[in-house]
Amino acid sequence: MHRIAKLACAAAAVTLAASACSSSKSSGSDASGGSGSVNWNTVASASAAGGMNALVAEAKKEGTLNVITLPRTWANYGKLMDDFTAKYGIKINDANPNGSSGDEITAVTSDKGLSTAPDVLDVGNSHAVPNTKLFAPYEVSSWSSIPADLKDANGTWYGDYGGYISIACDASKVAPAPCPTTFADLINPANVASYKGKVAISGDPTSANAAFSAVWAASLAQGGSLSNIQPGIDFFKKLKQNGEYNATTDTESTIESGATPITIDWEFNNSQFAADLKAKGIDLTVSIPSDGLYSAYYDQAINKYAPHPAAARLWEEYLYSATGQNDFMGGFARPAEFEAMQTAGTLDATDEKNLPSVTGTANLPTTDQQNTAQAALTSAWAAALG
Amino acid sequence: MARSGKKLGAWGAVLPLLGYCAVALGLPVWALIWEGIQSPDPITGVNHFTASNFTTSWHGIYLTGMLSSLRLSLLTAVISAVVGLFAAYAIAQSRGRYLKQAVLTASGVLANFGGIPLAFCFIATIGTGGVFLSWLNAVWPSFQLGTFAGLLVVYPYFMVPLMVLTTLPALDGLRRQWREAAANLGGSAWQYWRYIGGPLLLPSALGGFVLCFGSAFAAYATARALSSGTVPLVTTQIASVLSGNVIANQANLGMALALNTIIVCGLMMAVYLPLRRRSAKWLES
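Rules of the game
Residues numbered from 1 in each chain as written. Chains lettered and ligands numbered in written order. Predicted model: local features only at pLDDT ≥ 70, side-chain atom pairs only at ≥ 80, totals over all residues. Heavy atoms only, no water. Helix = DSSP H or I, 4+ residues; strand = E, 2+ residues; numbered from the N terminus. Rg over C-alpha atoms; globule rule 2.2 N^0.38 Å. Contact = heavy atoms within 4.5 Å. Areas by Shrake-Rupley, 256 points an atom, 1.4 Å probe, with all protein chains shown as cover. Buried < 20%, exposed > 50% of the residue type's maximum accessible area, 1.4 Å probe, protein only. Pairing = 2+ DSSP bridges. Right-handed = clockwise from strand over helix to strand, strands pointing away. Disulfide = S-S within 2.5 Å. Axes fitted to C-alpha atoms, helices over the stretch in contact; angles between N-to-C directions. Parallel < 35°, antiparallel > 145°, perpendicular 65-115°, else oblique. Left-handed = near helix turned anticlockwise from the far one by under 90°. Nonpolar A, V, L, I, M, F, W, Y, C, P; charged D, E, K, R; others polar. Salt bridge = Lys/Arg side-chain N within 4 Å of Asp/Glu carboxyl O. Core = buried A, V, L, I, M, F, W, Y, C linked by side-chain atoms within 4.5 Å. Expected span 1.5 Å × (residues − 1). Buried area = accessible area lost by both parts, 1.4 Å probe. Polar contact = N/O pair within 3.5 Å; in protein donor to acceptor, adjacent residues only side chain to side chain. pLDDT = per-residue confidence, 0-100. Phe/Tyr/Trp six-rings, centres within 6.5 Å; stacked < 30°, edge-to-face > 60°. Lys NZ or Arg CZ within 6 Å of the ring centre and 35° of its normal.

A. Expanded view of the overall build of chain A. From N to C terminus, chain A includes 18 helices and 10 strands. Here chain A has a C-alpha radius of gyration of 22 Å; the compact-globule value for 386 residues is 21 Å, and the two agree. Here the C-alpha coordinates of chain A stretch approximately 70 × 50 × 40 Å along the principal axes. Of the contacts formed within chain A by residues at least 6 apart in sequence, a portion of 73% connects residues at least 24 apart. In the form shown here, chain A has an accessible surface area of approximately 14700 Å², with 54% of it arising from carbon and sulfur atoms.

Quick look at the structure:
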């Protein structure tokens, strides 16, 4: 398929020949000729390329940044992209905003060599780890502020923002029972009648990371572990048997229409829903279940074959600056540099206050644990819930 | 000489079509096979040849998905074909010209009304929040939208109009006079349908059924939005392995699954074409 896709893309590229070729050619010649011997595709830090000023100058010369699958409403990416363009005058093309991590990896291999290929990726950890050969190692200036377990030692990928699995609830739709704040509340016999048909997750756990993580969080609450997701599958089976589970994929519209009054989703999604729906008179409470504390981070990576290598590196510098990290928090996500910024006093106090409170600490799964859990869930989910 | 030249000319005329078919149908199938027999090494990432994708695609959860897809498509196609045929017959018999026009227009629109919008309409109507669900549950207590039964209710919504669209022209073609002639010659209603109406209708009814089957078999967004993977279907499985956020680097398995769907459609056509040829005989002679 890759070869075929490449052929098709090449054909498409021919039609765009004039603009595409000229822009890629000019950036190529600039890279080799403009600033001497710097090959921007292999630059591993700003200092190695002559400092931030040189990076900014080269990125401005490239003038364009290709990003992929960044929804404007997800973790505040709309503001991040607009501010970046305003600050540096670099145009951002956002391809396939509602795509998935899988789509991003496919685009890297199938668009190789095209000026429209993505420069930077924002992928789930499950997709970053096995694909390091596609990424260019790069250490942002604030590299040391990123916790060690959120980054690849070689710098091919590094966590940008993340969050906990949370439970959102529209109290008016679940009365007389109170809103659930833990997984135990969800299967408490006293609440079952009120929660009937009202508990939803964000899609199919075999393809949606947030839904997958919801099952894993439930597993932790039910005696499972990072090595054992089965209790989570059993938990949802029980929800289904109780008649509480609602297979509808949660979205802002399903919450607004009352179809999914209880949603188990990333806190930044649930909090964003709550903020948006407040204006429409819907009061959504978001709580992080203390019995199933699970968090995950998304990762940034630079395409090894980025058509705009300097702009890609500048975008990373921007995302990992205090402004960029605070902007993620403005979208209710937890920035990777949270602790370092807390120590340094650069966290935005208002945005920090808007995050739901957490009791306890969550552990991150290892790659092996992820693979095991994915395999177990893929083979058991439909059978358990069908 | 002249004849062979004419033959060559005929081939020449059909050449663009053959070329188009080779590019539009042959190339993707070849690509699916080629990618389906390869698998990337988890460490080096280099592709090697293997039969494992095809083996996996016919076992475990993927076999369940295929069977469940087939069951869903066949059931909904039968329901839609029967309902659609009777609906189309009723419309063909009615004298209202405007009714017919309105039904045709509406069918054209509704036959293409699927995916997320349709799913959301059903969620809003008979989802948990609706009054309709409580009525429905009074007669069908276990009914839930995001289940196999739910899809069975939703799919005919776009498949019945499809059936009406494909069979209405044929039903219109049945002359009232033929029926009168049959009656004059002493034929019963049964005999009319057995020897005249039925054979004439069969090709388009079969065609409609095959279209419905294909439409249900290929449906994806509706099922995905409604059932969140609790009903295993081959289309949602392909999407999960190809472009999911959870399982990485299984694109080759997705290609194998996609090829399986082509095989199923091929088998369907292999059954349909001889049947159609048999019934078409009645129309031509």
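B. Region of interest: the pairing of strand β1 (residues 64–68) of chain A. Residues and elements named next belong to chain A. In terms of burial, β1 is largely enclosed, as five of its five residues are buried. Burial along β1 is two-sided: the face carrying T64, N66 and I68 and the face carrying L65 and V67 are both buried. Relative to strand β2 (residues 91–95), β1 is paired through five bridges, and the arrangement is parallel. Looking at β2, one finds that I68 is bridged to A95. For the segment spanning β1, helix α4 (residues 77–88) and β2, crossover handedness is right-handed.

C. Representation of the state of the cysteines within the structure. All names here are of chain B. This structure, assessed with the given rule, holds one disulfide over all chains. In this structure C121 is a free cysteine whose sulfur lies 20 Å from that of C212, the closest cysteine sulfur available. Its sulfur unpaired, C212 is 14 Å from the next cysteine sulfur, which belongs to C265.

D. Representation of the packing of helix α4 (residues 97–110) of chain B against helix α8 (residues 156–173) of chain B in the model. All names here are of chain B. Two elements in contact, α4 and α8, have axes separated by 8 Å at closest approach and are oriented at 135°. The orientation of α4 with respect to α8, classified from their angle, is oblique. Along this stretch, α4 crosses α8, giving a crossing that reads as left-handed. Residue-level contacts link K100, V103, L104, S107, G108 and L110 of α4 to Y157, F158, P161, V164, L165, L168 and D172 of α8. Grouping the constituent residues of the contact of α4 with α8 by class yields nine nonpolar, two polar and two charged.

E. Fine view of the pattern of salt bridges. Residues and elements named next belong to chain A. Taken as a whole, this structure holds seven salt bridges over all chains when the rule is applied. Residue K173 is joined to D170 by a salt bridge in which the shortest nitrogen-to-oxygen separation is 3.2 Å. Judged by relative accessible area, which is 31%, K173 ranks as partly exposed. Residue D170 is classed as buried on the basis of its relative accessible area of 3%. K280 is the salt-bridge partner of E256, the closest N and O atoms lying 3.3 Å from each other. With a gap of 24 residues between them, E256 in helix α12 (residues 252–256) and K280 in the loop between α13 (267–278) and β8 (284–287) connect regions that are remote in the sequence. Overall, E256 belongs to the partly exposed group, its relative accessible area being 35%.

F. Region of the structure containing the nonpolar core. Membership of the largest hydrophobic core comes to 87 residues, with the highest contact counts inside it found for A:L65, A:L186, A:F236, A:I264 and A:W315. B:L72, B:V241, B:M255 and B:L257 belong to the second-largest nonpolar core, a separate cluster that totals 51 residues.

G. The arrangement of helix α10 (residues 209–221) of chain A in detail. All names here are of chain A. When the terminal C-alpha atoms of α10 are compared, their 18 Å separation across 13 residues agrees well with the 18 Å that a helix rising 1.5 Å per residue should span. Within α10, 12 of the 13 residues are buried, which leaves it mostly tucked inside the rest of the structure. Considered for burial, the residues of α10 that qualify are N209, A210, A211, F212, S213, A214, V215, W216, A217, A218, S219 and A221. Once α10 ends, the next one or two residues include G223, with phi positive near 90°.

H. Region of the structure containing the environment of A:A46. Residue and element names in this part refer to chain A. You can see A46 is positioned in the loop between α2 (17–34) and α3 (51–62). On the basis of relative accessible area, A46 is assigned to the buried category, the value being 7%. Measuring from C-alpha to C-alpha, the distance between A46 and R313 comes to 8.0 Å, with 267 residues separating the pair along the chain.

I. Representation of the interface of chain B and chain A in the model. At the junction of the two partners, chain B supplies 32 residues and chain A supplies 41 residues. Approximately 3000 Å² of surface area, both sides summed, lies buried where chain B meets chain A, with 55% of it carried by carbon and sulfur atoms. Between the two partners, chain B and chain A, sit zero salt bridges. At the surface where chain B touches chain A, the tally comes to 11 residue pairs in polar contact (both at pLDDT 80 or more). Of all the elements in the fold, those that place two or more residues in the side of chain B that touches chain A are α1 (2–36), α3 (60–93), α5 (115–126), α11 (221–227) and α12 (234–243) of chain B. With four residues, α11(B) is the single largest residue contributor to the side of chain B that touches chain A. Its residues assigned to classes, the side of chain B that touches chain A shows 14 nonpolar, 16 polar and two charged.

J. Inspection of α5(B) at higher detail. A rise of 1.5 Å per residue sets the reference length of α5(B), with its 12 residues, at 16 Å; its end C-alpha atoms lie 17 Å apart and thus fit the reference within 8%. Among the structural elements, α6 (131–139), α7 (148–154), α8 and α11 of chain B are those in contact with the buried residues of α5(B).

K. Structural detail: the confidence of the model for chain B. In the predicted model, chain B carries a mean pLDDT of 87, and 94% of its residues have values of at least 70. Across chain B, the element-wise mean pLDDT spans from 83 in α6(B) up to 93 in α3(B).

L. Representation of the side chain of A:T182. Residue and element names in this part refer to chain A. Structurally, the position occupied by T182 is in the loop between α7 (171–174) and α8 (183–186). Here the side chain of T182 touches D185 through a polar contact of 3.1 Å, landing on its backbone nitrogen. Non-local contacts of T182, meaning those with residues more than four positions away in its chain, are made with I167, P289, S290 and D291.

M. Seen up close, the packing of aromatic side chains. According to the stated counting rule, one finds 30 aromatic pairs over all chains in the structure shown. Members of the aromatic cluster, connected to one another through ring pairs, are A:W74, A:Y77, A:Y161, A:W266, A:F268, A:Y298 and A:F328. Against the face of A:Y305 rests A:K112, its NZ or CZ located 4.3 Å from the ring centre. Positioned over the ring face of B:F148 is B:R71, at 4.3 Å from the centre of the ring.

N. Inspection of the pairing of strand β7 (residues 262–266) of chain A at higher detail. Residue and element names in this part refer to chain A. Burial within β7 is extensive, with five of its five residues counted as buried. Where strand β5 (residues 158–170) lies against β7, five bridges are found, and the strand directions are antiparallel. Bridging from a neighbouring strand, I167 pairs with I264 of β7. Pairing geometry for strand β6 (residues 199–201) and β7, over three bridges, is parallel. Of the residues in β7, the one forming a bridge with A200 is T263.

O. Focus on the packing of α8(B) against helix α10 (residues 189–218) of chain B. Residues and elements named next belong to chain B. Direction vectors running N to C along α8 and α10 enclose 160°, while the axes themselves pass 9 Å from each other. Relative to α10, the element α8 lies roughly antiparallel. Here α8 and α10 pass one another in a crossing that is right-handed. Counted together, F158, M159, L162, M163, T166, T167, A170 and L171 of α8 and L201, S204, A205, G208, F209, L211, C212, S215 and A216 of α10 form the full contact between these two elements.

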